[in-house]
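Now for the letters of each chain:
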Amino acid sequence: MLPGSIQITGEALSGGEIKDICDSLKENSVRLLSVRACQLSDRDFWRVCGGVAECHALAQLNLNLGVVSNISRVKQLAEALTTNKSVQTLFLHGSPLTDAGLACLNPALSTHPSLVSLDFGDCMLGDKGLQLICGMLPPDGAKSGLKELTLSANPAVTSKGWARLAIAVAHSSQLRVLNLDYNPLGDQIAGMLAVAVASSRTLEVLDLEGTGLTNQSAQIFLDMVENYPTCLRMLILAENNISTELQQQISDLLSEGEEEEDKEGEVLGGAGSREREREKTIWVAQNNSSSHMVLMTSGLGDSLLAETEM
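Residues numbered from 1 in each chain as written. Predicted model: local features only at pLDDT ≥ 70, side-chain atom pairs only at ≥ 80, totals over all residues. Heavy atoms only, no water.

So, the overall build of the chain
Alright, step 1. Helices and strands together make up the secondary structure of the chain, namely 10 helices and 12 strands.
Alright, step 2. Out of the 310 residues belonging to the chain, those deemed buried represent 50%.
Alright, step 3. By sequence separation, contacts in the chain at least 24 residues apart represent 78% of the contacts at least 6 residues apart.
Alright, step 4. Summing over all exposed atoms, the chain offers an accessible surface of approximately 14400 Å²; the carbon and sulfur share of this is 51%. (Helix = DSSP H or I, 4+ residues; strand = E, 2+ residues; numbered from the N terminus. Buried < 20%, exposed > 50% of the residue type's maximum accessible area, 1.4 Å probe, protein only. Contact = heavy atoms within 4.5 Å. Areas by Shrake-Rupley, 256 points an atom, 1.4 Å probe, with all protein chains shown as cover.)

Quick word on the sheet that holds strand β5 (residues 117-119)
Alright, step 1. Pairing is parallel across the open sheet formed by 9 strands, whose spatial order is β1-β2-β3-β4-β5-β6-β7-β8-β9. Each edge of the sheet is formed by a strand with only one pairing partner; in this case those strands are β1 (4-7) and β9 (234-236). Averaged over all adjacent pairs, the angle separating strand axes in this sheet is 5°, with direction ignored.
Alright, step 2. Bridge count between strand β2 (residues 30-34) and strand β3 (residues 60-62): 3 bridges; the pairing is parallel. Bridging from a neighbouring strand, Ser 34 pairs with Asn 62 of β3.
Alright, step 3. Together, β1 and β2 form the strand contacts of helix α1 (residues 15-26), whose direction differs from that of β2 by roughly 150°. (Pairing = 2+ DSSP bridges. Axes fitted to C-alpha atoms, helices over the stretch in contact; angles between N-to-C directions.)

Let's talk about the pattern of salt bridges
Alright, step 1. The tally for this structure, following the rule as stated, stands at 4 salt bridges.
Alright, step 2. Lys 19 is the salt-bridge partner of Asp 23, the closest N and O atoms lying 2.9 Å from each other. Taken together, the residues span about one helical turn, with Asp 23 and Lys 19 both in helix α1 at a distance of 4 residues.
Alright, step 3. Residue class for Asp 23 comes out partly exposed when judged on its relative accessible area of 28%.
Alright, step 4. Here Arg 47 ties to Asp 44 by a salt bridge, and the two come within 3.0 Å at their closest N and O atoms. (Salt bridge = Lys/Arg side-chain N within 4 Å of Asp/Glu carboxyl O.)

Remarks on empty space enclosed by the protein
Remark: the empty space left among the atoms is shown by a probe the size of a water molecule rolled over them.
Alright, step 1. Applying the stated rule across the entire model yields 3 cavities of 30 Å³ or more.
Alright, step 2. Of the volumes computed, that of the largest cavity is approximately 100 Å³.
Alright, step 3. Around the largest cavity sit 10 residues that line it, and Leu 109, Ser 110, Met 136, Ser 144 and Gly 145 are the ones nearest its centre. (1 Å grid on protein atoms, 1.4 Å probe; cavity = no way out; pocket = protein on both sides within 12 Å on 5 of 7 lines; lining within 4 Å. Points joined across faces, edges and corners; volume = space filled by probe spheres on them.)

Some remarks on the pairing of β2
Alright, step 1. For β2, the buried fraction is high: 5 of the 5 residues fall into the buried class.
Alright, step 2. Alignment of β1 against β2, held across 4 bridges, turns out to be parallel. In the strand pairing of β2, Ser 5 is matched with Leu 32.
Alright, step 3. Chirality of the crossover, the property in question, places the unit of β1, α1 and β2 among those that are right-handed.
Alright, step 4. This β-α-β element, β2 to helix α2 (residues 42-54) to β3, shows right-handed connectivity. (Right-handed = clockwise from strand over helix to strand, strands pointing away.)

Points about the environment of Gln 174
Alright, step 1. Locating Gln 174 in the fold gives a position in the loop between α6 (159-171) and β7 (177-179).
Alright, step 2. Separated by 35 residues in sequence, Gln 174 and Pro 139 have C-alpha atoms that sit 8.4 Å apart.
Alright, step 3. A distance of 3.5 Å separates a polar side-chain atom of Gln 174 from the backbone nitrogen of Gly 145. (Polar contact = N/O pair within 3.5 Å; in protein donor to acceptor, adjacent residues only side chain to side chain.)

As for the packing of helix α5 (residues 127-134) against α6
Alright, step 1. At a minimum axis separation of 9 Å, α5 and α6 run at an interaxial angle of 10°. Taken together, the axes of α5 and α6 lie roughly parallel to each other. For the pair α5 and α6, the contacting residues are Asp 127, Leu 130, Gln 131 and Cys 134 in the first and Lys 160, Gly 161, Trp 162, Arg 164, Leu 165 and Ala 168 in the second.
Alright, step 2. Residue composition of the contact of α5 with α6, grouped by class: 5 nonpolar, 2 polar and 3 charged. (Parallel < 35°, antiparallel > 145°, perpendicular 65-115°, else oblique. Nonpolar A, V, L, I, M, F, W, Y, C, P; charged D, E, K, R; others polar.)

Take a look at the structure:
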């Protein structure tokens, strides 16, 4: 039987439901487990972590919105991820993680053989947490690193922390998607990020929605995409004090670059072109919903569709 998914939102989970989840994990019949905003006892959380540790099929684990609610649960999750070798994507959006919690998780995350996508949005992180995350963005291909990283709404991070991240992004050998929306970045940090994007050989998507930017930042990004070759395909600048005209100019230039790459792919044809198509990460934002549909492609070439509701 092919692995399936368990997706539960905002419910108080009974002991029987927890047993069913754990049994499915131990039978390796779960590829996606999402219990976002669910209420479960400390003992039941420990049981779920035991199932995660034993499951060899689990690729996505969604514990968004307060499921990992204390340092004890952080330690139990870290222990599970130390044993588990299959999880590719971990969502902890809206968890009171703090830098101390991330320090507990870091050894398991930084050495995990399969992990490529992390969501630490609204996790109360600061500069020390950002420093640990930078260690998951290796500057060469010598070890695996993150391909997708979400750090939305972590306002305690200072310019020092963001500058450190910008340097790591510039030299990362694998990062493709970076979501920094709803952080008070301002034009100065945006300028650093523009340099990082120009230097990066892999970054395709940068989300800066609601980050306090002005036309000054937009002009820098416009000059960058107009005059320098980058891998960037999507730059999100909504909910900033940026003119519609500038946003449209940037969007048009990025679209032109993607069309040119598509034409080159058609000329090359064959397996190489198809392989590049499989490697693309596609994000479809739904304007009338708080959810995003994410199509992930793993290193094995198989795809996994997951709904991540913030």
